[in-house]
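Tertiary structure, described
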Amino acid sequence: MASSDADWGDITDDDILAVNLEQAFEQAAMDAPTQTAKKRHNSGSSSRVETKDKPLPPIESLRGGYLWVSDFSKQMWCEQQMEYCLTMPPDIIIPEPKQVTKGSELHLARELEVQDYVNVKVTSSEDIFAIKVINLLIVLKSILTMSSITHREVPIFGVVDGIFILGKIDEVRVDRETFNLDIVDLKTRKIQKPPGKAQKVTHNAQVMLYKRLFDDLVRGLIPRHSLTVTLQLDLDRTLGESVTENICSSLTSLLNIEDKNTPWTLCRLLDELKKAAESLPFISQLFIDYVWQEDQQTFLIEEVKYDDIWLKNTMTKCLTYWKGERECQGVDIEDAWKCHSCDFQEGCKWIAQKTKELQLARETKQLRK
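Source: prediction; values computed, not measured.

The rules behind these values
Residues numbered from 1 in each chain as written. Predicted model: local features only at pLDDT ≥ 70, side-chain atom pairs only at ≥ 80, totals over all residues. Heavy atoms only, no water. Phe/Tyr/Trp six-rings, centres within 6.5 Å; stacked < 30°, edge-to-face > 60°. Helix = DSSP H or I, 4+ residues; strand = E, 2+ residues; numbered from the N terminus. Buried < 20%, exposed > 50% of the residue type's maximum accessible area, 1.4 Å probe, protein only. Lys NZ or Arg CZ within 6 Å of the ring centre and 35° of its normal. Expected span 1.5 Å × (residues − 1). Polar contact = N/O pair within 3.5 Å; in protein donor to acceptor, adjacent residues only side chain to side chain. Axes fitted to C-alpha atoms, helices over the stretch in contact; angles between N-to-C directions. Parallel < 35°, antiparallel > 145°, perpendicular 65-115°, else oblique. Contact = heavy atoms within 4.5 Å. Nonpolar A, V, L, I, M, F, W, Y, C, P; charged D, E, K, R; others polar. Core = buried A, V, L, I, M, F, W, Y, C linked by side-chain atoms within 4.5 Å. Salt bridge = Lys/Arg side-chain N within 4 Å of Asp/Glu carboxyl O.

1. Re the packing of aromatic side chains
This model, assessed by the stated rule, comprises six aromatic pairs. Where W77 meets W337, the ring centres are 5.6 Å apart and the plane angle is 80°; that geometry is what we call edge-to-face. Residue W77 is found in helix α3 (residues 69-77), and its partner W337 is found in the loop between α11 (308-322) and α12 (349-368); the two are separated by 260 residues along the sequence. Residue classification places W337 among the partly exposed residues on the basis of a relative accessible area of 46%. Relative to F164, the ring of F129 has its centre 6.4 Å away and its plane inclined at 50°; by these criteria the two rings are tilted. In this pair, F129 is assigned in helix α6 (residues 125-145) and F164 in strand β3 (residues 163-174), connecting sequence segments 35 residues apart. Given a relative accessible area of 0%, F129 falls into the buried group. Judged by its relative accessible area of 1%, F164 falls in the buried class. Sitting above the plane of the F282 ring, R219 keeps its charged end 4.8 Å from the centroid.

So this is what it looks like as structure tokens:
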């Protein structure tokens, strides 16, 4: 996130701030576990402080207390692989596959079709999260005024089963006639054919979770407690000068706010977010847009039927790992084909454990004969 001396006076209501918040929070997560544990211990909550008998759960030791929607997709593909990625020494770098790089480039290109990036100088963690709220606020107000029907890279956040989750929706589309809101998740493919069942499951879970988080905002569920306790944010802290200037230039008229004397804080922004979100309908439909990387054109669009019970059960299973209620697990035997393309195949403890169990079962069968 770069500092800027840009003139904020030229920003219109349709402009959307865009900063790499995920990168900023990921960096914070690298340093957060120890500091977070100390802060909670000093405030009288010692249940999450690492001891010899009770180590920190993965959500604290690996993620600083919160998760990203993308974490669940990776976890559902292979939990063991995900854990290896998160615990790799910082000096070990695994090259990004070419298809992943191409996919990221296509996402960026599509985003820039409907919105511009602007630089903003941030001076605190509160400023960083305020940018996320401003981005989301502008999208919600734009939906309400129907000034745009396509919104991409929409920030989203909320709480599921007590865990704070952040994400970024690829696209929210508005139907001008019905005012229905649809979520479209973009997936790029190296080959022009639908993904297999295992990949589809991760895609479906991701887009369903986006709907759950968005609908919770419409219900008025703003996770203030998680912001103060989990992210350690001061909701009453006055935001930085650059962020405040942006609010005054791009949000004040959009929100019909005449009071220019009251300092802008996260608390004030969240109040405005709540009012805007509660005026919106729930997400109507979910779609996966599959694009062939070769020509960057859609070759398949599939609708995903939202299944609340399935999502709850899936999230519960995933979160038991993050909460430290069970050990990390790899793939089931029928999904062992995934291991062939894994960078951690050699030396994987899950493979070693399953191989040992298989050998033991064979030996036991031989003895019974």
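2. Concerning α11
Between the first and last C-alpha of α11 there are 21 Å, a value that for 15 residues agrees with the 21 Å anticipated at 1.5 Å per step. Three or more residues of α11 are buried, namely L311, T314, M315, C318, L319, T320, Y321 and W322. Its side-chain oxygen at 3.3 Å from the backbone nitrogen of I309, D307 defines the N-terminal cap of α11. Immediately downstream of α11, the backbone of G324 shows phi near 80°, a positive value.

3. Quick word on the packing of α3 against helix α4 (residues 79-87)
Here α3 crosses α4 at 125°, and the two axes come no closer than 5 Å. Relative to α4, the element α3 is oriented oblique. Across from D71, K74, Q75 and W77 in α3, the residues of α4 making contact are E79, Q81 and M82. Of the residues that constitute the contact of α3 with α4, the class distribution is two nonpolar, two polar and three charged.

4. Description of the nonpolar core
Residues F129 and L269 are the most contacted members of the largest nonpolar core, which totals 71 residues. Among the elements that line this core, the one with the most residues is α6, at 11 residues. Counting five residues, the second largest nonpolar core, distinct from the first, contains Y84, F344, C348 and W350.

5. A closer look at the pattern of salt bridges
Two side chains with opposite charge may pair up if their charged atoms get near one another. By the definition in use, this model includes 19 salt bridges. Residues R219 and D216 are paired through a salt bridge, measuring 2.8 Å at the closest nitrogen-oxygen approach. Judged by its relative accessible area of 8%, D216 is buried. The partner of K305 in a salt bridge is E303, and the shortest N-O contact between them spans 3.2 Å.

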